[in-house]
Amino acid sequence: MDFELTDEQKEIKKAAREFAEGEFTDIAMECDREEKFPRDVWKKACKLGFIGAYLPEEYGGGGLGLLDSLIIAEEFFRVDPGVGMIMATTFGSEFIFLLGKEEQKQKYLPPLITGETICAAAFTEPDAGSDVQGIQTTAVKDGDEWVLNGTKMFITNGTIADWMIVLAKSHPDAKKDAQRFTTFIVDCKSPGFSAEKIHGKMGIRASDTAEIVLSDVRVPKENIVGLPKMGFYNVMQFFDVTRIGVGAQAVGLAQGALEMAVKHAKERKVFGRPLIYNQGIQFKLAEMATRVEAARNLVYKAAALVDAMKPDAAMTSMAKWYAGETAVYVADESLQVHGGYGYIDEYPIERFYRSAKVLEIYEGSKEIEKMIIGRTIGGKY
Amino acid sequence: MVDIIVCVKRVPDTSEAEVIIKDDKRAIKDADLTFDINEWDNYAIEEAILKKEALGGKVTVIGVGGEEVNEVLRRCLAKGADEAIRLTDPAFDGSDGYAIAKILSAAIKDLQYDFVFTGAQAGDDSYGVTGQMLAEILGIPHATMVTKVDINNGTARIRRELEGGLEEVDEINKPAVFCIQTGLNEPRYVSIMGIRKVSKKEIPVKAAADIGISADEVGEVGSMVKLEEFSIPPAGELAEMIEGTPDEAAGKLAAILKEKGAF
């Protein structure tokens, strides 16, 4: 057992860190204030191969393992969680990579990597989030097409995406509840498709979030991803992989917040000596550092299992829950170390503090993660 | 076509770190420091790759030191260098700039090249002599503090930065050594494609015997400068903190500057 990153992983980490430090720092505050997607930086990141790096080389990707590509997400979030969300411009592509037909892969994957398109994944609705089977969006077959109607909520990249994966109820009469759904690729230029940006998010404000309305949107039957009726299972399989990505975002955010706390504690003087000389502060930093390391090890293990073709839903949920909670904890403690300075936007810690919370909510709230873990270790009660 | 050799060094980043001197006073504690390519060398490798991209040819990067130097060499390969060579031997330990120049020249003399680029200085010891000595030992011309390089049919037209805002333009025929100053280009980021492309590439290693240099020419015995000790200067006894509102502080600062004859 070896806890060291490989030389190549260390190079990836350093390359991602340099890029993020060079490109994110100056624009982070503006993108946050103005809720602006950093299009130029996203394009640059594509050119350097950071976006969609997990995709195989035959589709233009870097052919990296999941762990390798999560190291990029971690480093991006370490520098700025909002701008770091450019990593999520391929969110939904995992569907096509895991379940898509070869023609779908050839058509949809390469432009994501070269920075020509952005995608999204739309499951959540105004009345159904974690309760995936509670969605109301319908898909009705009409000849060679399906007609979609419904509303999707909190969709990342909603107004900037070119296409999105949409989960809809296609077989309402199927015997098993879980077999009533199908996943479709929906072209965002389709008649009847509309997206409205959601303003006022607490954090990761550089990331686009929207409400989507599907009104008689016609989708050709070739755009079904995976098998009909298997949509719910597809979504669960998708989350088993992508949730680890949220864990990596959380580890990065926590690491960034920790480093800010250490820097501030060394520079700031109280009672005639640097803050860090006080044991109360040292203990805080020690607890933060320990939790970050524990979270990182969980995330890396969950990702390594996927890379070894042994994905483990409970392990994924442990990583996602614990890392998210660690991000919230460390951002809070780091802001505390900053004192009054942490409470104004002169220092980036307040942006990290605001952004951390979503990591306990999106892609499965921490309560859902605990349910998944609980079922695995205790069976279904 | 132009073949360029770039000499690179791995140095600790001490810009924001707390520097602690070891008990024997001849080294600093580096366990907690992060290391990277010397800043000047980063511009040198970028300039070499730009020239190769424009004119064709080959870029070879050379570093001296243990296996840890591979990370710097790999970084250069990932950016676009074609070959890397690592020179390593226990006898090289403790070499000064002169001994390093002897080691580099021994390796370079057998290679095909038009120009050699080095950084104008290294961020750790700031000797700023290796490039010049290397040129002398190779018996070829050199230019220091180079801020622009144009290569045309084997002749280089270069610009040098002088004191007082002066600049000098020279024409130098190949082969020659240029000691590159920072700021002459914008070093590129390392790409994932670059890392992947060179991930399997072997970096050949050469010891003293392989490059035909004897142990008494290098290391401490082959050096002309003997490092005695490091020290940290006493903290700012002459510094005066100006206090007050911005207006008051500006007034006090202006008064001091006037008194010292700045206006």
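Each value, and the rule that gives it
- Residues numbered from 1 in each chain as written.
- Chains lettered and ligands numbered in written order.
- Predicted model: local features only at pLDDT ≥ 70, side-chain atom pairs only at ≥ 80, totals over all residues.
- Helix = DSSP H or I, 4+ residues; strand = E, 2+ residues; numbered from the N terminus.
- Contact = placed C-beta atoms within 7 Å.
- Rg over C-alpha atoms; globule rule 2.2 N^0.38 Å.
- Buried ≥ 20, exposed ≤ 12 C-beta atoms within 10 Å, placed from the backbone.
- Pairing = 2+ DSSP bridges.
- Axes fitted to C-alpha atoms, helices over the stretch in contact; angles between N-to-C directions.
- Domains from an automatic or database assignment.
- Nonpolar A, V, L, I, M, F, W, Y, C, P; charged D, E, K, R; others polar.
- Core = buried A, V, L, I, M, F, W, Y, C linked by C-beta atoms within 7 Å.
- Parallel < 35°, antiparallel > 145°, perpendicular 65-115°, else oblique.
- Left-handed = near helix turned anticlockwise from the far one by under 90°.

Undergrad: With reference to specific residues and values, describe the overall build of chain B.
TA: Helices and strands together make up the secondary structure of chain B, namely six helices and 11 strands. Dimensions of chain B along its principal axes, counting C-alpha atoms only, are 65 × 45 × 40 Å. Put simply, of all contacts in chain B between residues at least 6 apart along the chain, 70% involve residues at least 24 apart.

Undergrad: Could you give me a rundown of the overall build of chain A, with the residues and numbers involved?
TA: For chain A, the helix and strand inventory stands at 12 helices and 10 strands. Radius of gyration (C-alpha) of chain A: 21 Å, near the 21 Å computed for a compact globule of 381 residues. With respect to the principal axes defined by its C-alpha atoms, chain A has extents near 80 × 45 × 40 Å. Considering chain A as a whole, with its 381 residues, one finds that 51% of them fall into the buried category.

Undergrad: Got a sec to walk through the sheet that holds strand S5 (residues 83–87) of chain B? Specific residues and values, please.
TA: All names here are of chain B. The nine strands are arranged S9-S8-S7-S10-S6-S1-S4-S5-S11 in an open sheet whose pairing can be described as mixed. Strands with a single pairing partner mark the edges of an open sheet, and in this sheet they are strand S9 (167–173) and strand S11 (205–206). In this structure, strand S7 (residues 142–152) lies alongside strand S8 (residues 155–161), joined through six bridges in antiparallel fashion. Bridging from a neighbouring strand, Lys148 pairs with Arg159 of S8. Packing of helix H2 (residues 70–79) onto the sheet brings it into contact with strand S1 (2–8), strand S4 (57–64) and S5, and relative to S5 it is tilted by some 165°. Contacts between helix H3 (residues 97–108) and the sheet are confined to S1, S4, S5, strand S6 (115–119) and S11, with S4 contributing the most and set at about 140° to the helix.

Undergrad: Residues and numbers for the domain arrangement of chain A, please.
TA: Residue and element names in this part refer to chain A. Once the domains are mapped, chain A shows domain 1 (7–114), domain 2 (119–230) and domain 3 (233–378). Between the C-alpha centres of domain 1 and domain 2 there is a distance of 23 Å. The partner domain 2 presents 20 residues to the 23 residues of domain 1 that form the contact. Of all elements in the fold, only helix H2 (28–34), helix H5 (81–84), helix H6 (93–99) and helix H7 (102–114) reach the threshold of two or more residues within the side of domain 1 that touches domain 2. Broken down by element, the side of domain 1 that touches domain 2 gets its largest block of residues, four residues, from H6. When its residues are assigned to classes, the side of domain 1 that touches domain 2 shows 13 nonpolar, seven polar and three charged.

Undergrad: How would you sum up unusual backbone geometry? Please name residues and give values.
TA: A cis geometry characterises the amide bond from B:Lys174 onward to B:Pro175, with omega recorded as -5°. Here B:Pro175 is to be found in the loop between S9 and strand S10 (176–180). Residues other than glycine seldom take positive phi values, yet A:Lys229 does so here, at roughly 75°. Within the fold, A:Lys229 resides in the loop between strand S8 (224–225) and helix H8 (231–267). Looking at A:Lys229, the number of C-beta atoms within 10 Å reads 16, which means it is partly exposed. The backbone of A:Met309 shows a phi angle near 60°, a positive value even though the residue is not glycine.

Undergrad: Run through the pairing of strand S2 (residues 138–142) of chain A, naming residues and quoting values.
TA: Residues and elements named next belong to chain A. Judged from the five bridges that link them, S2 and strand S3 (residues 145–156) form a sheet pairing that is antiparallel. Looking at the pairing, Ala139 lines up with Leu148 of S3. Linking S2 back to S3 in an antiparallel pair, the connection comprises two residues, with Gly143 at a positive phi of about 65°.

Undergrad: Can you break down the environment of A:Ile51 residue by residue, with the values?
TA: Residues and elements named next belong to chain A. Inspection of the secondary structure assignment puts Ile51 in the loop between helix H3 (39–47) and helix H4 (66–79). What makes Ile51 buried here is the crowd of 29 C-beta atoms within 10 Å. Placed 38 residues apart in sequence, Ile51 and Thr89 show a C-alpha to C-alpha distance of 7.7 Å. The residues contacting Ile51, other than those within four sequence positions of it, are Ala45, Cys46, Ile86, Met87, Thr89, Thr90, Ile113 and Gly115.

Undergrad: Now, about the interface of chain A and chain B: what can you tell me, with residues and values included?
TA: Interfaces are frequently sized by the accessible area removed from exposure as the parts join. Contact with chain A, which involves 13 residues of that partner, is made by 10 residues of chain B. Broken down by class, the residue content of the side of chain A that touches chain B amounts to six nonpolar, four polar and three charged.

Undergrad: Give a detailed account of the packing of H4(A) against helix H9 (residues 279–307) of chain A, specifying residues and quantitative values.
TA: All names here are of chain A. Direction vectors running N to C along H4 and H9 enclose 145°, while the axes themselves pass 8 Å from each other. Together, Leu66, Leu67 and Leu70 of H4 and Val299, Tyr300, Ala303, Ala304, Val306 and Asp307 of H9 make up the contact between the two elements. Considered class by class, the residues forming the contact of H4 with H9 number eight nonpolar, no polar and one charged.

Undergrad: Mind laying out the nonpolar core, listing which residues take part and the relevant values?
TA: Core analysis: the largest hydrophobic core is formed by 188 residues, its most contacted members being A:Met164, A:Phe184, A:Val299, B:Val6, B:Ile103 and B:Phe178. Among the elements that take part in this core, H8(A) stands out by supplying 16 residues, more than any other.

Undergrad: Requested: an account of the pairing of S3(A), with residues and values cited.
TA: Across nine bridges, the pairing between S3(A) and strand S7 (residues 209–220) of chain A is antiparallel. The residue of S7(A) that forms the bridge with A:Trp146 is A:Val219.

Undergrad: Give a detailed account of the packing of H3(B) against helix H4 (residues 130–138) of chain B, specifying residues and quantitative values.
TA: All names here are of chain B. With their axes 8 Å apart at the nearest point, H3 and H4 run at an angle of 50° to one another. As judged from the angle between their axes, H3 and H4 are oblique. For the element pair H3 and H4, the recorded crossing hand is right-handed. Touching Gly97, Tyr98, Ile100, Ala101, Lys102, Leu104, Ser105 and Ile108 of H3 are Thr130, Met133, Leu134, Ile137 and Leu138, all from H4. Here the residues of the contact of H3 with H4 are counted per class, giving nine nonpolar, three polar and one charged.

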